[in-house]
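Observations on the model geometry
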Amino acid sequence: MADVSLGLATAPVLYAAQQSKQLRPVIKRRFKEEGDAELAYELVMQTDGVVKAQQLALFHAQSAVDALMELPPSDAQRALIRLTEVVLTRAS
């Protein structure tokens, strides 16, 4: 949710907004009012926005790995595959 402090609505927030109409005006004003970031966090956690965002990330990571598997084996290929794992397991 660090992006919220920059006024950015990322996938978890956008998915949550599909379920929480209360979140939409907060997004529109780019989280600028006092308490907006905290409210957005609470509303996101009340939905499946985080789970959907994780599923989206997994889909794209798997697509990347599938494409990389078409390349000849190499250190670069293995490093890029490892990078998809790192991205999926990072804490924030």
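Please read these numbers as outputs of a predicted model, since none were measured by experiment.

A cluster of nonpolar side chains, namely Leu 80, Leu 83, Val 86 and Val 87, defines an oily patch on the protein surface of about 320 Å² accessible area. Here Val 86 lies in helix α5 (residues 75-89).

With that out of the way, let us pick up the packing of helix α1 (residues 11-19) against helix α4 (residues 49-68). The N-to-C vectors of α1 and α4 enclose an angle of 130°; their axes lie 7 Å apart at closest approach. Taken together, the axis directions place α1 and α4 in an arrangement best described as oblique. Two packed elements cross with a definite hand, and for α1 against α4 that hand is right-handed. Every residue of α4 that contacts α1 at Ala 11, Pro 12, Tyr 15, Ala 16, Gln 18 and Gln 19 is listed here: Gly 49, Val 50, Lys 52, Ala 53 and Leu 56. Considered class by class, the residues forming the contact of α1 with α4 number seven nonpolar, three polar and one charged.

Procedures and definitions
- Residues numbered from 1 in each chain as written.
- Predicted model: local features only at pLDDT ≥ 70, side-chain atom pairs only at ≥ 80, totals over all residues.
- Heavy atoms only, no water.
- Patch = residues over 30% accessible without salt bridge, like charges linked within 9 Å, V, L, I, M, F, W, Y side chains within 5 Å.
- Areas by Shrake-Rupley, 256 points an atom, 1.4 Å probe, with all protein chains shown as cover.
- Salt bridge = Lys/Arg side-chain N within 4 Å of Asp/Glu carboxyl O.
- Helix = DSSP H or I, 4+ residues; strand = E, 2+ residues; numbered from the N terminus.
- Axes fitted to C-alpha atoms, helices over the stretch in contact; angles between N-to-C directions.
- Parallel < 35°, antiparallel > 145°, perpendicular 65-115°, else oblique.
- Left-handed = near helix turned anticlockwise from the far one by under 90°.
- Contact = heavy atoms within 4.5 Å.
- Nonpolar A, V, L, I, M, F, W, Y, C, P; charged D, E, K, R; others polar.

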